[in-house]
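Okay, here's what each chain looks like letter by letter:
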Amino acid sequence: MTILHNPRCGKSRQCLAFLEENNKEFTIIKYLENPLTFEEIKKLLAKLKLTPIELVRQKESIWVEHFKSKNLTDTEIIQTLAENPILIERPIVIDGDNAYIARDENMLKNLI
């Protein structure tokens, strides 16, 4: 398992703690320090089974101020996520060919 983690996010810290408490082995990627590339985001979206806009934190000020009013293509949204990783929903748990936005502890329980 891999977790895309933002240490400043409470949900992300809860997810990390849950995995640790349940003795799950995982790798941490601090995606704000090590941003995903365009291609990595495309692969992640396939694992998540989401459209690019569904991965966007649409209440983030960067999105609201610079992108919300624009009619962006999926490619443009992915590029925006690559350039502004703070806009990526979090935390994300990647388990093989599947990935999940792990904001809900019940979903995490189903994972393990």
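Predicted, not measured: the structure shown is a model, and the values here were computed from it. (Residues numbered from 1 in each chain as written. Predicted model: local features only at pLDDT ≥ 70, side-chain atom pairs only at ≥ 80, totals over all residues. Heavy atoms only, no water.)

1. What to know about the pairing of strand 4 (residues 98–101)
Okay, so step 1: Direction of pairing for strand 3 (residues 92–95) relative to strand 4: antiparallel, over a ladder of four bridges. Along strand 4, the bridge assignment pairs Ile94 with Ala99.
Okay, so step 2: Turn length for the strand 3-strand 4 hairpin, with the two strands adjacent in sequence and antiparallel, is two residues, and the turn residue Gly96 shows positive phi of about 65 degrees. (Pairing = 2+ DSSP bridges. Helix = DSSP H or I, 4+ residues; strand = E, 2+ residues; numbered from the N terminus.)

2. Section: the nonpolar core
Okay, so step 1: Among the nonpolar cores identified, the biggest contains 21 residues, and Leu4, Ile41, Leu44, Leu55, Leu81, Ile88 and Ile92 are the most heavily contacted of them.
Okay, so step 2: Elements that contribute at least two residues to this core include exactly helix 2 (38–48), helix 4 (74–83) and strand 3.
Okay, so step 3: At five residues, helix 2 tops the list of elements feeding residues into this core.
Okay, so step 4: Those residues within four positions of Leu81 in sequence are excluded, and the remaining contacts are Ile41, Pro52, Leu55, Val56, Leu87 and Ile88.
Okay, so step 5: Core analysis: the next-biggest nonpolar cluster, separate from the first, contains 10 residues, Phe18, Met107, Leu108 and Leu111 among them. (Core = buried A, V, L, I, M, F, W, Y, C linked by side-chain atoms within 4.5 Å. Buried < 20%, exposed > 50% of the residue type's maximum accessible area, 1.4 Å probe, protein only. Contact = heavy atoms within 4.5 Å.)

3. Some remarks on the pattern of salt bridges
When their charged atoms lie close together, side chains carrying opposite charge are able to pair.
Okay, so step 1: All told, the structure shown has two salt bridges when counted by the stated rule.
Okay, so step 2: With a closest N to O distance of 3.2 Å, Glu60 and Arg57 form a salt bridge.
Okay, so step 3: When its relative accessible area of 17% is taken as the criterion, Glu60 is described as buried.
Okay, so step 4: Residue classification places Arg57 among the buried residues on the basis of a relative accessible area of 18%.
Okay, so step 5: Members of the salt-bridge network, linked through shared partners, are Arg57, Glu60 and Glu89. (Salt bridge = Lys/Arg side-chain N within 4 Å of Asp/Glu carboxyl O.)

4. Examining the environment of Asn22
Okay, so step 1: By secondary structure assignment, the location of Asn22 is in the loop between helix 1 (10–21) and strand 2 (27–30).
Okay, so step 2: Looking at Asn22, the relative accessible area reads 32%, which means it is partly exposed.
Okay, so step 3: Along the primary structure Asn22 and Asn6 are separated by 16 residues, whereas in three dimensions their C-alpha atoms are 20 Å apart.
Okay, so step 4: Side-chain polar atoms of Asn22 contact the backbone oxygen of Phe18, separated by 2.8 Å. (Polar contact = N/O pair within 3.5 Å; in protein donor to acceptor, adjacent residues only side chain to side chain.)

Treat this as a map of the structure, not an account of what it does.
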